[in-house]
Structure formats: C-alpha cells, structure tokens
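Reading the structure
Spelled out, the chains give:
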Amino acid sequence: MTPTRLLAATAVAGVAALVLSGCVAKTDAAASGALTVTSTADGCAVSAASAPSGTLAFDVSNKSDQTTEFYLLASDGLRIVGEVENIAPGASRSLTVVAQPGEYYTLCKPGMVGDGVGRASFSVSGDAVAVEGPDAEQKQKAVDLYAAFVKDQVGQLIPAVQTFAAAYESGDDAAAREQFPRVRAFYERIEPIAEALGDLDPRIDYREVDAVAEGLDWTGFHRVEKDLWVPAQDALNADGETSAWKDWAPSSSAERATYGDKLIADTQELYDYVHSDAFTEALDAQGVAGISNGAIALLDEVATGKISGEEDWWSGTDLYDFAANVEGSKMAFSLVRDFAESQGDKGAELVSRIDAGYADLEAALAAHGSADAGFAPYAQLTEADKRELTDLINALAEPLSQLTVTILE
C-alpha cells in the first residue's frame, strides 16, 4: 500500500454474463423447478448439476450443526451470482436467481468462514434471458451482491491469516513465506473497504516507510514480511535512501507473537465491520457510483504501488497483489457494465474499450505466471516488462475513469 489513497469503498461482484439475484426475467422465460441443496459439515449436495436458463430456485436445507451459507458462483469461482446466508442448523432457506447460459459453481460454507465445502460445477443452457425491472432495483441488487462478495473474501481471509500467523509465530518461515502472497490476495481484492475505515488499513497493510513518515506503530503484513525475508546488511528500504536496518531488527519470538496476534485481531475487526449495519449503510449510500469508483481505486492501487515494486519490497511478490487488485477492479466493472452499456453508442463504445483494456492487461500479466502456479519474483521483470505493464495500466485507466459519470447519466 502507498500513501496515495482513494477512500471510496469498492463495490464488486457479478459479471455481464450473469444477472442479479431477485431481478425479474421477461415473461417468456419460464421458471425452472426448484433445485434442492443439502448442506452438511463436509458436503453441499445439489439435486442437479444443470438447468435451463431463466429463473432458478435453490431450496437449501442445513443438515450440519453450524450456521451455513450457499453460493452460486460464476465460472471464475470468485464472482457471486447469488447467495443465501445465516441458515441455522436444521433450518431451510431459498435462493432465487435469474441465470444466463454459462458455467457456474455451487458451494456451501458451514461456519460462514473459509473456502467452503462441496464446490461443484453447475451448467446453465438455453437462450439468453433479458432482465427487466426498475433501474433503481437492479442497481440496489448490484450493491447487495457486492456486499456478499466482500463478506465472502473476508470470511476466507480470517482463517488464512490465522494459519499464516501460526506459521510465522512458530518460526516455520518456509510455510509462512509460501502463504504470504496467497493470503494477501483476499485482502487486495477488497482493499478500499479497509481503506475507508481510518487507521485499519494502515494497521494491516502499511509499508515501513509510510508508517515511519506518519509516526505510526508499524504492524501488519509488511512488518511480518520483513521478518520472513530478512534484508542484507547493506540493503535500503523502499524509499531508496534509508538503511533497512535503521531502527529495525528481526523480531524475537515474543515480538512475533505480538505482531501475529495483532494481525489476526485487526483482520477480525474488518470481518466484524463487513457484517455490520454500518457497512450495509455505507454501501447503500454510495450506490453503483461506489462500485465504479472502486474499480478505479483498485487499478490505482496497481499503478501507485505494485507496478513500481514498492509494495512487497522484501518478498518481491508484487505480481500476486497486482493480479488480485486487477481481479477486484474487473469484478467491480463487470457489475456495472450493463448500466454503462445501456447509455447508447457512447456507453457501448466505452465498455468495449474497457473490456479490451482488461483483456490486454491480463494477457501481459499471465506471461509472468499466475496466482495458482506462482508469479515470477518482481526483480525478474525487465524494464521493458515494467514499461509494457505500465502502458497497459494507463491505457485501461483512461476509459475506466469515465465509468462513473457514464453510469450516472
């Protein structure tokens, strides 16, 4: 993270190939029969693996001893098409969505944290379904789906941070180094949410030079990072001037316990916030403008920190953060894409440019690896590589900067 901050809360989730839960399909799109879902401690059994396009209903029964959730996810496994949460043990609830043709996943989440269980492919076939209904209602559904996405990401962040902190505190540095960039991905996809909460993001994600400049106690991911990748004696900090060892030394076991526990507590604070009325009210107040501004804010995160290699200064794992920021930005755009495209030829042309910008940026990033297989260390990028990525970020940023005003016209 860099000192430059855009404090608008991000709003992401969904994709143009999907539609929003609860919207009304045109009258000739017949509703499919209800599908049954049985959520258990280690499974998520859906009565069918496919359905025709249109209105789908999932009747979810919780047979586990924990409160559970059910998700219908897009083909990338991240974007939420629809979800139903807070299903108590022994209770049943229904999820209704209007599903377009395509590939999806179903998933249950007993305990409402972690990766979930029983992830399975789900196919929707048939013709595309036109979605109709009041504009305000559809925009509110977009905001609601973003809230669900944020809760899902933070729900996965919590146990990931706990496991990461346990490895760090116990001195299992090899395991902690392997987990570091992957744990951060959950946070990076939704980072502007934490940024809007005063000092929470600084506590979780400030670099050393930023904390020192603002007179803050340095804690969080990057404090842990420096312990895991101890710099050489002659190394400089991210400002290119200050000695890496000025007012710093590797943490003792007791200090590691303090920093690890602090990261867990701050992450829990973020979790509590996104499950509060205050979070819902903040998103509702911003509406779809918050979604589009969030797409811009996340791309700005890439431009101001990741592309320079200053974010993960000691680990060199910036490309993982880069990819997660782009994922969050693209999902934000995908949720408001249809609103922009509906603004005549101007909106359609803008959407086309943004689509192309994301595709070009993702292709260039893929040349250096992936989150699953691993990205190249940032130091391996040549100046030409950095220049190419910078040019592509700038090319996308220009049309993306017009998104908010377009969807509000």
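Position numbers for residues start from 1 in each chain and track the written sequence from start to end. Confidence filtering applies because this is a predicted model: local features only for residues at pLDDT of at least 70, side-chain atom pairs given and counted only at 80 or more, and all residues used for totals across whole chains, interfaces and linings. The side-chain numbers reported here are obtained from all heavy atoms of the structure, hydrogens and water having been left aside.

1. What about helix H9 (residues 318-341)?
The helix count covers DSSP runs of H or I at least four residues long, the strand count covers runs of E at least two residues long, and both are numbered beginning at the N terminus. Expected span, for any helix, means 1.5 Å times one less than how many residues it has. When the terminal C-alpha atoms of H9 are compared, their 33 Å separation across 24 residues agrees well with the 34 Å that a helix rising 1.5 Å per residue should span. Bend, in this description, refers to the angle at a residue between axes fitted to the seven residues ending there and the seven starting there. Where H9 bends most, the angle comes to about 45°, and this point is Leu 335. Within H9, 20 of the 24 residues are buried, which leaves the element mostly enclosed by the surrounding structure. The buried label applies to any residue whose accessible area, calculated with a 1.4 Å probe on protein chains only, is under 20% of its type's maximum; exposed applies above 50%, and partly exposed to all values in between.

2. Comments concerning the sheet that holds strand S9 (residues 102-108)
Only when DSSP finds a minimum of two bridges between them are two strands counted as paired. Read across the sheet, five strands follow the order S4-S10-S9-S6-S7 without closing on themselves; strand pairing throughout is mixed. Because the sheet does not close on itself, it has two edges, and the strands there are strand S4 (50-52) and strand S7 (80-87). Each neighbouring strand pair of the sheet contributes to a mean axis angle of 20°, computed without reference to strand direction. Pairing analysis gives six bridges linking S9 to strand S10 (residues 117-125), with the strands arranged antiparallel. Counterpart to Thr 106 in the pairing with S10 is Ala 120. In this analysis, axes come from line fits to C-alpha atoms, helices being fitted only over the stretch in contact, and the angle between any two N-to-C directions falls in the range 0 to 180 degrees.

3. Notes on the environment of Ala 167
Here Ala 167 shows up in helix H1 (residues 135-170). Under the relative-accessibility criterion, Ala 167 is labelled buried at 8%. Separated by 205 residues in sequence, Ala 167 and Asp 372 place their C-alpha atoms 20 Å apart. Every residue in contact with Ala 167, bar those within four places of it in the chain, is listed here: Asp 172, Ala 175, Ala 176 and Gln 179. For this analysis, residues touch if any pair of their heavy atoms sits within 4.5 Å.

4. A closer look at the state of the cysteines
Disulfide assignment relies on a single distance test, namely cysteine sulfur atoms paired within 2.5 Å. Under the definition given, this model contains one disulfide. With a sulfur-sulfur separation of 2.0 Å, Cys 44 is cross-linked through a disulfide to Cys 108. Every disulfide takes its handedness from the sign of the S-S torsion; for Cys 44 and Cys 108 that torsion is 55°, giving right-handed. Placement of Cys 44 in strand S3 (residues 44-46) and of Cys 108 in strand S9 is noted, with a sequence separation of 64 residues between them. Residue Cys 108 is classed as buried on the basis of its relative accessible area, which comes to 0%.

5. Focus: the side chain of Ser 53
For Ser 53, the location among the structural elements is in the loop between S4 and strand S5 (54-62). Relative accessible area serves as the criterion here: at 11%, Ser 53 is assigned to the buried category. Any pair of nitrogen or oxygen atoms within 3.5 Å is treated as a polar contact; in protein, a donor-acceptor pairing is required on top of that, and neighbouring residues in sequence qualify only through side-chain atoms on both sides. Polar contacts involving the side chain of Ser 53 include one to the main-chain carbonyl oxygen of Asp 127, which spans 2.7 Å.

6. Some thoughts on the packing of aromatic side chains
Note on ring pairs: Phe, Tyr and Trp rings are taken, using the six-membered ring of Trp, and paired if centres are within 6.5 Å. Classes follow the plane angle, with under 30 degrees stacked, over 60 edge-to-face and the rest tilted. If you walk through the whole model with that rule in mind, you get 13 aromatic pairs. Joined through ring pairs, the aromatic side chains of Phe 164, Phe 180, Tyr 187, Phe 221 and Trp 229 make up one cluster. For a Lys NZ or an Arg CZ to count as sitting over a ring, it must be within 6 Å of the ring centre and within 35 degrees of the ring normal. Stacked on the ring of Phe 339, the Lys or Arg Lys 139 has its end atom at 5.7 Å from the ring centre. Residue placement shows Arg 184 over the ring face of Phe 221; its charged tip is 5.2 Å from the ring centre.

7. Focus on the pairing of strand S6 (residues 68-73)
Of all six residues that make up S6, six are buried, and the element is covered over most of its length. Side chains of S6 alternate between two faces, with Thr 68, Phe 70 and Leu 72 and Glu 69, Tyr 71 and Leu 73 buried alike. The pairing of S6 with S7 spans five bridges and is antiparallel. By the bridge assignment, Thr 68 is partnered in S7 with Ile 87. Where S6 hands over to S7, the hairpin turn is made up of six residues, of which Gly 77 adopts a positive phi near 75°.

8. Focus: the sheet that holds strand S2 (residues 35-39)
Here we have four strands laid out as an open sheet, ordered S3-S2-S5-S8, and mixed in their pairing. Every other strand in the sheet has two partners, leaving S3 and strand S8 (92-99) as the edge strands with one partner each. This sheet shows a mean twist of 20° between the axes of neighbouring strands, independent of strand direction. With five bridges joining them, S2 and S5 adopt parallel strand pairing. Across the sheet, the residue bridging to Ser 39 is Asn 62, located in S5.

9. Details of the pattern of salt bridges
Salt bridges, as used here, are contacts in which a Lys or Arg side-chain nitrogen is within 4 Å of a carboxyl oxygen on Asp or Glu. All told, the structure shown has 28 salt bridges when counted by the stated rule. With a shortest N-O distance of 2.7 Å, Glu 208 and Lys 226 are connected by a salt bridge. Of this pair, Glu 208 sits in helix H5 (residues 208-213) while Lys 226 is found in helix H6 (residues 221-228), placing the two residues 18 residues apart along the sequence. Each member of the pair Glu 208 and Lys 226 is classed as buried.

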